[in-house]
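# Architecture and fold: a report
The residues making up each chain are set out below.
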Amino acid sequence: MKTTGLIASALMAMALPAMAAEPQNGTGETDGYKLVWQDLFDGESLNLDRWNIEVNGDGGGNAELQYYTARLDNVRVGDDGEGNGCLILTAKKEVYNGKQCTSGRITTKNKIAFKHGKIEAAIKLPQTANGLWPAFWMMGNDFDQVGWPRCGETDIMEFGHQNGIKNGTQDRFFNGACHWGTAWNDHRQYSRDRTNSYSLQDGEFHIYTCIWDQDKISMYVDMDTHPEMGPYYEMTIPETTTDQTHPGYYFHKENFILFNLAVGGNFPGIWDINGITALNADNNYQQSMYVNYVKIYQKGTPDETTDFADPGDMGQGGVAGIVADDLKISYAADVVSLPEAGDIRIYNASGMLVASVHGEQLSVDGLAAGMYIVKATADGRQATCKIVVR
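Remember, it's a predicted structure, so these values are computed and weren't measured experimentally.

### A closer look at the overall build of the protein
For the protein, the count of helices and strands is two helices and 25 strands. In terms of overall dimensions, the protein is globule-like: its C-alpha atoms have a radius of gyration of 21 Å, near the 21 Å expected for 390 residues. Looking at the protein residue by residue over its 390 residues, the buried ones come to 54%. For the protein, restricting intrachain contacts to residue pairs at least 6 apart in sequence, the fraction spanning at least 24 positions comes to 70%. With the model as given, the accessible surface of the protein reaches about 16,300 Å², and the carbon-plus-sulfur share is 49%.

### Observations regarding a negative patch on the surface
On the surface, D79, E82, D202 and E204 cluster together to form a negatively charged patch. Within the secondary structure, D79 is located in strand β5 (residues 75-79).

### Things to note about the pattern of salt bridges
According to the stated counting rule, one finds 15 salt bridges in the structure shown. When the shortest N-O distance is used, the salt bridge between D171 and R172 registers 3.9 Å. For R172, a relative accessible area of 26% translates into the label partly exposed. Between K375 and D307 there is a salt bridge, and its shortest N-O distance comes to 3.5 Å. Separated by 68 residues along the polypeptide, K375 in strand β24 (residues 370-378) and D307 in strand β20 (residues 305-308) bring together distant segments of the chain. Overall, K375 belongs to the buried group, its relative accessible area being 1%. Bridged by salt links that share partners, the residues D39, R50, D310 and D313 form one connected network.

### Let's talk about the packing of aromatic side chains
A full pass over the atoms with the stated rule returns 14 aromatic pairs. Taking the centre distance of 4.7 Å and the plane angle of 70° together, the rings of F174 and Y232 count as edge-to-face. Of the two residues, F174 is situated in strand β13 (residues 173-181) and Y232 in the loop between β16 (216-221) and β17 (233-236); the sequence distance between them amounts to 58 residues. Members of the aromatic cluster, each reached through a chain of ring pairs, are F41, W51, F136 and F259. Note that K118 overlies the ring of Y297, its terminal NZ or CZ placed 4.3 Å from the centroid. It is K295 that lies over the ring of Y293; its NZ or CZ is 5.0 Å from the centre.

### A closer look at the environment of Q287
Assignment of secondary structure puts Q287 in strand β19 (residues 286-298). Owing to a relative accessible area of 13%, Q287 belongs among the buried residues under this scheme. Measuring from C-alpha to C-alpha, the distance between Q287 and P126 comes to 6.1 Å, with 161 residues separating the pair along the chain. Apart from residues lying up to four places away in sequence, Q287 is in contact with L89, T90, A91, P126, Q127, L132, L261, A278 and L279. Within the local environment of Q287, its side chain forms a polar contact with the backbone oxygen of A278, the two atoms lying 2.8 Å apart.

### Thoughts on the confidence of the model for the protein
Of all residues in the protein, 91% have pLDDT values of 70 or greater, and the mean over the chain is 90. Note that pLDDT drops below 50 for residues 1-20; the model gives that stretch 52 contacts with residues more than four away or on any other chain. For residues 316-323, every residue scores under 50 in pLDDT, and the model assigns this stretch 18 contacts once sequence neighbours within four places are set aside.

### Description of the UniProt feature "domain: GH16" (unreviewed entry) in the protein
The sites that UniProt annotates as "domain: GH16" (unreviewed entry) are residues 35-302. Structurally, residues 35-302 comprises 4% helix and 45% strand, and the distance from its first C-alpha atom to its last is 16 Å.

### As for the nonpolar core
With 56 residues, the main nonpolar core has I119, I123, F136, Y208, F259 and V294 as its most contacted residues. In this structure, L338, V374, A378 and C385 belong to the second largest nonpolar core, which totals 19 residues.

### Some points on the layout of surface pockets
What the largest pocket holds in volume is close to 1,000 Å³. Along its surface, the largest pocket is lined by 41 residues, and G60, N62, R105, W137 and E153 are the ones closest to its centre. Within the residue set of the lining of the largest pocket, elements represented by two or more residues are β3 (52-53), β8 (105-107), β11 (132-140), β12 (153-159), β13, β14 (187-195) and β18 (255-263). Among the residues forming the lining of the largest pocket, the class breakdown is 15 nonpolar, 16 polar and 10 charged.

### Structural notes on unusual backbone geometry
Cis peptide bonds are those with omega within 30 degrees of zero, and the linkage from W148 to P149 qualifies with 10°. With respect to the helices and strands, P149 occurs in the loop between α1 (143-146) and β12. A positive phi angle, close to 50°, is found at F41, a residue other than glycine. Residue position: F41 is located in the loop between β2 (34-39) and β3. Residue classification places F41 among the buried residues on the basis of a relative accessible area of 2%.

### Describing the state of the cysteines
Summed over the entire model, instances satisfying the criterion amount to zero disulfides. C178 carries a free sulfur, and the closest cysteine sulfur to it, the one in C210, is 7.3 Å from it. Overall, the relative accessible area of 0% leaves C178 in the buried class.

### Re the environment of H206
Along the chain, the position of H206 falls in strand β15 (residues 206-212). By relative accessible area, which is 6% here, H206 ends up buried. It is 8.1 Å that separates the C-alpha atoms of H206 and A121, two residues lying 85 residues apart in sequence. Among all residues touching H206, those that are not within four sequence positions of it are A121, A122, I123, Y198, S199, L200 and D222. A polar side-chain atom of H206 sits 3.0 Å from a polar atom in the side chain of D202. Within the structure, H206 has its side chain in polar contact with the side chain of D222 (distance 2.8 Å).

So, how was this worked out
Residues numbered from 1 in each chain as written. Predicted model: local features only at pLDDT ≥ 70, side-chain atom pairs only at ≥ 80, totals over all residues. Heavy atoms only, no water. Helix = DSSP H or I, 4+ residues; strand = E, 2+ residues; numbered from the N terminus. Rg over C-alpha atoms; globule rule 2.2 N^0.38 Å. Buried < 20%, exposed > 50% of the residue type's maximum accessible area, 1.4 Å probe, protein only. Contact = heavy atoms within 4.5 Å. Areas by Shrake-Rupley, 256 points an atom, 1.4 Å probe, with all protein chains shown as cover. Patch = residues over 30% accessible without salt bridge, like charges linked within 9 Å, V, L, I, M, F, W, Y side chains within 5 Å. Salt bridge = Lys/Arg side-chain N within 4 Å of Asp/Glu carboxyl O. Lys, Arg positive; Asp, Glu negative; His and termini not counted. Charge placed at Lys NZ, Arg CZ, Asp CG, Glu CD. Phe/Tyr/Trp six-rings, centres within 6.5 Å; stacked < 30°, edge-to-face > 60°. Lys NZ or Arg CZ within 6 Å of the ring centre and 35° of its normal. Polar contact = N/O pair within 3.5 Å; in protein donor to acceptor, adjacent residues only side chain to side chain. pLDDT = per-residue confidence, 0-100. UniProt positions renumbered as here; feature names shortened; annotations may be inferred. Core = buried A, V, L, I, M, F, W, Y, C linked by side-chain atoms within 4.5 Å. 1 Å grid on protein atoms, 1.4 Å probe; cavity = no way out; pocket = protein on both sides within 12 Å on 5 of 7 lines; lining within 4 Å. Points joined across faces, edges and corners; volume = space filled by probe spheres on them. Nonpolar A, V, L, I, M, F, W, Y, C, P; charged D, E, K, R; others polar. Disulfide = S-S within 2.5 Å.

Okay, structure coming up:
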């Protein structure tokens with residue numbers, strides 16, 4: 001017989017923070033924005049209440065060369081060598097599961113999602129040279145339901161494009177982009193690139209910021225120290241519910257966060273591992289991308305929403321809205337229950353939706369043993385908790 005356990009989100013285990021060599025301030029609470037969620041990556045391991053680690057070698061739809069693994073060789077949290085706690089994604093030239101290299105990719109799909117606000121990350125990039133393709137981006141949290149590109153994709157930062165390689169400006173050439181459409185064969189996009197005036201692969205952290213509201217999506221680099229540079233990307237997105245050719249149809253819903261370090265493929269224009277000069281004998285055939293923190297800010301306007309399964313590194317108070325006092329989730333005898341009818345969704349530890357219903361109860365009988373995240377919404381309120389099925 002199964003035994004059950006309920007672990008409230010308020011009791012989620014969090015590792016003790018470590019001292020960071022650099023302040024993790026970001027651009028701060030400016031222009032009415034207030035910090036609502038952050039991961040400082042100062043713990044002893046990646047917090048799986050927030051993040052999913054992808055494991056696949058499918059090439060990401062771009063003929064990429066790497067196999068993404070969950071090994072500590074490729075995905076871990078640790079010190080960057082200068083006292084900064086970081087997410088560390090490492091690309092390695094090695095034979096693994098039929099691929100010639102490995103790397104890491106993580107997402108917050110179905111765990112941490114939001115609509116509208118300011119999101120930013122402090123990132124120390126590897127030397128992309130020829131072949132590495134680091135990225136910080138978002139996709140619609142309805143990805144599992146509608147797929148790509150209907151979910152919408154916002155690429156906040158990408159390095160490694162073949163134009164930078166061709167011009168010898170790999171350390172300064174980068175871009176932002178948005179992708180949308182009704183199907184793979186109806187893919188629309190708008191991208192803009194910049195050749196920066198100084199290197200962004202100088203062994204230092206640089207802040208990449210996206211401001212996303214009802215009117216437009218704007219992207220900035222080092223907004224804290226170089227506000228005069230203005231956005232490197234901007235696209236207007238007036239909302240529409242009828243025109244499926246317009247970006248405003250796709251970019252007004254909750255998005256999740258992604259970080260990855262791809263190797264080769266269509267973006268760099270390199271499909272042979274021997275053309276990946278970034279992984280060489282001088283660096284022991286491996287390089288890493290370091291993320292010091294990622295932060296989400298909002299203004300508290302009616303158009304903004306959050307769907308957080310974990311309060312993030314927000315101190316004792318956490319983030320309002322994780323658990324609604326009058327929408328308590330109960331779990332007993334293999335049944336998840338609400339005090340009133342609402343939407344109940346259950347996700348596995350990899351962030352995949354495994355069961356859902358609109359009602360007051362949802363049975364978990366038949367689910368494999370393990371930890372699951374339960375999310376419930378009713379009349380604009382939300383509650384989240386973890387359950388353990390044994």
